[in-house]
Amino acid sequence: MTDNIAAGPPAPDHLSFTDGYVGDPAVRAEWDNRYTEQQQLWSGRPNGALVAEVAGLTPGRVLDVGCGEGADAVWLARQGWDVTALEVSGVALERAAGHARDAGVAVHWVHAALTEATLPPASFDLVSAQYPALLRTPDAAAERALLAAVAPGGVLLLVHHAGMDTQPAHDGGFDPADYVWPSMVAGLLDAGWEVEVDEQRPRVAPDGGAGAHHTDDVVLRVRRLS
């Protein structure tokens, strides 16, 4: 894991994420290639469901899972959150770090896969996973990692594109059966969790960016009671 902390001393002009990645190199390469193909992959604005669901929460420690180019992480930091942002793509993280520097906010960057990252357990007041590409495993490692990161009293907010989980495998190699969906996380909840939101709703989508054609979200918001 490579931890680049933009707190305390001024951040350097350029943060490099070329070394120290923890996770499957093939997954990193896949996402690095995808980001390299475009100067900007996403819209640059925070996801609408995140903005809506965080509105009533008191800022604390937040884990942004799959932070991409950093729009959510920067927005959360501007709202007063202590942000840890995790991403497999070093290309995306370098862009995200630049956006945070330009915005004058502090973010703790982690270059690792969720299941491989050394994260403090049960320590985040909010774990946000917006449209994550988390690979499914027989032991539900990614689902359990999301839940394990949430502090007592904290919230897990998982948002995904509605209907994607039931699509057939694509010729391009995307098979929904390979990935984690909100229903799989919900299926692991026990009496120590309270479901606050579990619904499909129209997506408040930023203009432009990959995925802008999706019109509906599945929003799962759960609170850890103990």
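These notes cover the structure that comes with them.

Analysis parameters
- Residue numbering note: each chain is counted from 1, following its sequence as written.
- In keeping with the predicted nature of the model, local features appear solely for residues at pLDDT of at least 70, side-chain atom pairs appear and are counted solely at 80 or more, and the whole-chain, interface and lining totals rest on all residues.
- Heavy atoms from the whole structure form the basis of all side-chain values; hydrogens and water molecules are not counted.
- A run of H or I in DSSP counts as a helix once it spans at least four residues, and a run of E counts as a strand once it spans at least two, with each numbered from the N terminus.
- Between buried and exposed lies partly exposed: a residue is buried under 20% and exposed over 50% of the maximum accessible area for its type, with that area taken using a 1.4 Å probe on protein chains only.
- We call two residues contacting when some pair of their heavy atoms lies within 4.5 Å.
- Here, Shrake-Rupley sampling with a 1.4 Å probe gives the accessible areas, and only protein chains in the shown set may cover a residue.
- The pairing criterion for strands is at least two bridges between them, as found by DSSP.
- Convention used here: a crossover is right-handed provided that the path from the first strand, over the helix, to the second strand proceeds clockwise when the strands point away from the viewer.

Here the focus is the overall build of the protein. What the protein contains, in helices and strands, is six helices and eight strands. Counting from the amino terminus, the protein carries its helices and strands in the arrangement β-α-α-β-α-β-α-β-β-α-β-α-β-β. Burial status across the protein gives 50% buried among its 226 residues. Considering only contacts within the protein whose residues lie at least 6 apart along the sequence, 73% involve residues at least 24 apart. Accessible surface, the protein as shown: approximately 10,600 Å² in total, 50% of it carbon and sulfur.

A few words on unusual backbone geometry. For Tyr131, which is not glycine, the phi dihedral falls at a positive 55°. Residue placement: Tyr131 occurs in the loop between β5 (124-130) and α5 (141-148). Of note, the phi angle at Ala140 is positive, near 55°, even though the residue is not glycine. Structurally, Ala140 can be placed in the loop between β5 and α5. Taking relative accessible area as the criterion, Ala140 reaches 11% and is therefore assigned buried.

Attention now moves to the pairing of strand β3 (residues 82-87). β3 sits mainly inside the fold: five of its six residues count as buried. The sheet contact formed by strand β2 (residues 61-65) and β3 spans five bridges and is parallel. Its bridge partner being in β3, Val62 is matched across the sheet by Val83. The handedness of the β2 to β3 crossover, carried by helix α3 (residues 71-78), is right-handed. Summarising the sheet, β3 and strand β4 (residues 107-111) pair through five bridges and their orientation is parallel. Bridge pairing links Glu87 to His111 in β4. Once the chain exits β3 it traverses helix α4 (residues 90-103) before rejoining the sheet at β4, and the crossover so formed is right-handed.

In this structure, Gly80 sits in the loop between α3 and β3. Distance in space between the C-alpha atoms of Gly80 and Thr58 is 8.9 Å, their sequence separation being 22 residues.

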